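Observations on chain architecture
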Amino acid sequence: MPKVVTDVTCPFCGTLCDDLEVTVSDDNKKILSVRNACAIGSEKFNHTSLPGRVTRPRKRQPDGTFKEITYDEAIDWTANMLVKSKKTLMYGWASTSCQAMSVGHEIAEKVGGVVDNCATVCHGSSLIAIQDVGIPSCTLGEVKNRADRVIFWGCNPAHAHPRHMSRYSIFPRGFFTVKGHKGRKIYCVDCRHTDTARVADEFIQIQQGYDYELLDAFRTAARGEALPDTIGGVPKEKVYKIVEDLKAGRFGVIFFGMGLTHTLGRNHNIDEAISFTRDMNDFTKFSIIAMRGHWNVTGSGQVLSWQYGFPYAVDLSRRNKARYQTGETTSVDLLVRNEVEACFNIATDPGAHFPIDAVVSMSKKPTVTVDPHINMSTEISDIHIPVAMVGVETGGCAYRMDNVPIETRKVVDAPDGMLTDVELLTKINERVDQLMGAK
Amino acid sequence: MTNKISLNMITCRSIKQGVGMEAGKTSQKYFDACSIIEMHADDFKKLGIWKNTNVKVTSSVGSVIVKAVETRQDLYPGLGHIPMGPWANQIVPAYTFSTGEPCFKGFPVTVEVAMNEPIMSAVDVVKNACGLLKK
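Residues numbered from 1 in each chain as written. Chains lettered and ligands numbered in written order. Predicted model: local features only at pLDDT ≥ 70, side-chain atom pairs only at ≥ 80, totals over all residues.

1. A look at helix H12 (residues 267-280) of chain A
Residue and element names in this part refer to chain A. As a reminder, the rule being used: Helix and strand labels come from DSSP, where a helix needs a run of H or I of at least four residues and a strand needs a run of E of at least two; each type is numbered from the N terminus. A helix is expected to span 1.5 Å for every residue after the first. Whether a residue is buried, exposed or partly exposed is read from the other C-beta atoms within 10 Å of its own C-beta, which are placed from the backbone; 20 or more gives buried, 12 or fewer gives exposed, and intermediate counts give partly exposed.
For H12, which comprises 14 residues, the first-to-last C-alpha distance of 20 Å matches the rise-based estimate of 20 Å (1.5 Å per residue) to within 8%. With 10 of its 14 residues buried, H12 lies for the most part within the structure. If you check which residues of H12 are buried, you get Asn267, Asn269, Ile270, Asp271, Glu272, Ala273, Ile274, Phe276, Thr277 and Met280.

Written as structure tokens, this is what we have:
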């Protein structure tokens, strides 16, 4: 009899939906169907059962092909690489559990690694801004129950966080938002007329790269000061009208994404968005939330912060102290300047998502990639170690985009003999201890 | 047909890119979702091409062959979009302005017709750049 596992947490995006129902075969090996998940989430669960999955570590041969090796050989090779290298980039962590991160950081402390997560090419700018000016934020539950003015600025949840709008931000009925969608006013600021813009009451099409100017104009309008006729292609009348609408709301929230963090201005854009949120609290209640991408990138920031005081790009190569300086200890800069001797990628794919100059630099160094599937990083690595998928084949703690911890669940068994991230890292850690003890 | 136009380039997630990525980065779904450039209809006219024509997109760091398509998520003329992934990253400048964040959005590119040039697969496009592609 197939059985249904309920309240499953989805390990795809920062929304961390925790209401999935997954039907699994009676031997607990195969996923038969997934309910309540978005298109991307279902694909992630169904992917586990696809044929052709790599189940044992692979080592690249001189002719470019890969040869299967044992876990012990892979662990030994990795531990040797880590011990030999004076400074290793240990990048990723966003798609694994907080427990695995903790073990990984222990290794990094011993071997002198730089621990960086996907925020470095994602919401890193937001974290810099939060360090500069703080953040008046709230949980997604508060958004669902209270928010009647919702702004999506430079983000496209219809594509990147598909169930965000139905679970929290636009459609659900909450305690003080009994009318659901009808009781909320939705604004979308973007340079493209995105699918999120289609469900917004007001779409503000901004010229690409003018976010700082427009946010500044919102702040100026909130104080009743004069504006130029247009700001980044947006007429001033529209800015004044929207600001008055926002002031009339009971609870407003800004969701922002890569449209602010990747464009010119970077952290200064977020700084301005946070400052606008703070200003609006003179008139009504207002809050701001970053639309975090990977499902546990927030968790990586949390674990690093409580262990070392910095949320990403933590350089532990001086062993007795942690350093953090964006532009210096961040992955892309380290790779482009060739400042690391080896790379250890886990639970992410820099090969596909880093600019090519950084990827080329990585391909020239000893590299190990730990990932359940074949991706661009595994193909340029010396060793690819497949592991069980966290959130599907093993559980673990994750943090939602609003910093709420949620436990993910194991739904099916991993292929026979496959290690989890925690098991693999623990074994690497033990091997590192042996090698360093023998030194 | 040797027309060349300049665009302001952005790279973003799309739901098809997300589904393709989870289906496997070597899958046809991922290839179809990411090896494209979305442009405004006016830019198609300027370039003198029909939709679904291969084009060569060049930035200050490199170039890549992708397929030009029309999009439901309208751009304004002069703005181009390649979904995030290995094709987009061939042309993304790695300079981070000391923030750690490369220029994924808002960098100048030129687009020219490359009707007969093939689009490389996800693995090949990365391996080729790294000098690991066996020809």
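2. Remarks on the environment of Ile356(A)
Let me state the cut-off plainly: Two residues qualify as being in contact provided that their C-beta atoms, derived from the backbone, are within 7 Å of each other.
By secondary structure assignment, the location of Ile356(A) is in helix H16 (residues 356-363). For Ile356(A), a count of 24 C-beta atoms within 10 Å corresponds to the buried category. Residues Ile356(A) and Asn80(A), 276 residues apart in the sequence, show an inter-C-alpha distance of 27 Å. What Ile356(A) contacts, discounting residues up to four positions off in sequence, is Val61(B), Gly62(B), Asn89(B), Gln90(B) and Ala129(B).

3. Thoughts on the domain arrangement of chain A
All names here are of chain A. Here is the rule we go by: The split into domains, and so the bounds of each, comes from an automatic or database assignment of domains.
Split into domains, chain A comes out as domain 1 (3-47), domain 2 (58-122 + 295-438) and domain 3 (124-290). Every contact between the two is made by 17 residues of domain 1 and, on the other side, 16 residues of domain 2. Only strand E1 (3-8) and strand E2 (20-24) provide two or more residues apiece to the side of domain 1 that touches domain 2.

4. Points about the sheet that holds strand E3 (residues 31-35) of chain A
Residue and element names in this part refer to chain A. As a reminder, the rule being used: When DSSP finds two or more bridges between a pair of strands, those strands are recorded as paired. Note on method: axes are straight lines fitted to C-alpha atoms, helices fitted across the in-contact stretch only, with angles between N-to-C directions ranging 0 to 180 degrees.
Read from one edge of the open sheet, three strands run E1-E2-E3, paired in antiparallel fashion. For this open sheet the edge positions go to E1 and E3, each flanked by a neighbour on one side alone. Here the average twist between neighbouring strands, direction ignored, is 20°. Taken together, the four bridges between E2 and E3 define a ladder with antiparallel strand orientation. Residue Val24 lies in a different strand from E3, and its bridge partner there is Ile31. Packing against the sheet, helix H1 (residues 39-47) makes contact with E2 and E3, and its axis sits at approximately 165° to E3.

5. Structural notes on the environment of Tyr212(A)
All names here are of chain A. Its place among the elements puts Tyr212 in helix H9 (residues 211-222). By C-beta crowding, Tyr212 is classed as buried, having 20 other C-beta atoms within 10 Å. Distance from Tyr212 to Gly265, taken between C-alpha atoms, is 7.0 Å for residues 53 residues apart in sequence. Excluding residues within four positions of it along the chain, Tyr212 makes contact with Gly265, His268, Asn269 and Glu272.

6. Here's the deal with the sheet that holds strand E6 (residues 88-92) of chain A
Residues and elements named next belong to chain A. The mixed open sheet is built from eight strands, whose spatial order is E5-E4-E18-E17-E16-E6-E7-E15. The sheet terminates laterally at strand E5 (66-68) and strand E15 (314-315), the two strands that pair on one side only. Taken together, the four bridges between strand E16 (residues 342-346) and strand E17 (residues 367-370) define a ladder with parallel strand orientation. Of the residues in E17, the one forming a bridge with Phe344 is Val368. Strands in contact with helix H2 (residues 71-84) are E6, E16, E17 and strand E18 (383-385); relative to E18, the strand with the most contacts, it is inclined by about 120°. Running at roughly 145° to strand E7 (residues 113-117), helix H3 (residues 98-111) makes contact with E6, E7 and E16 of the sheet.

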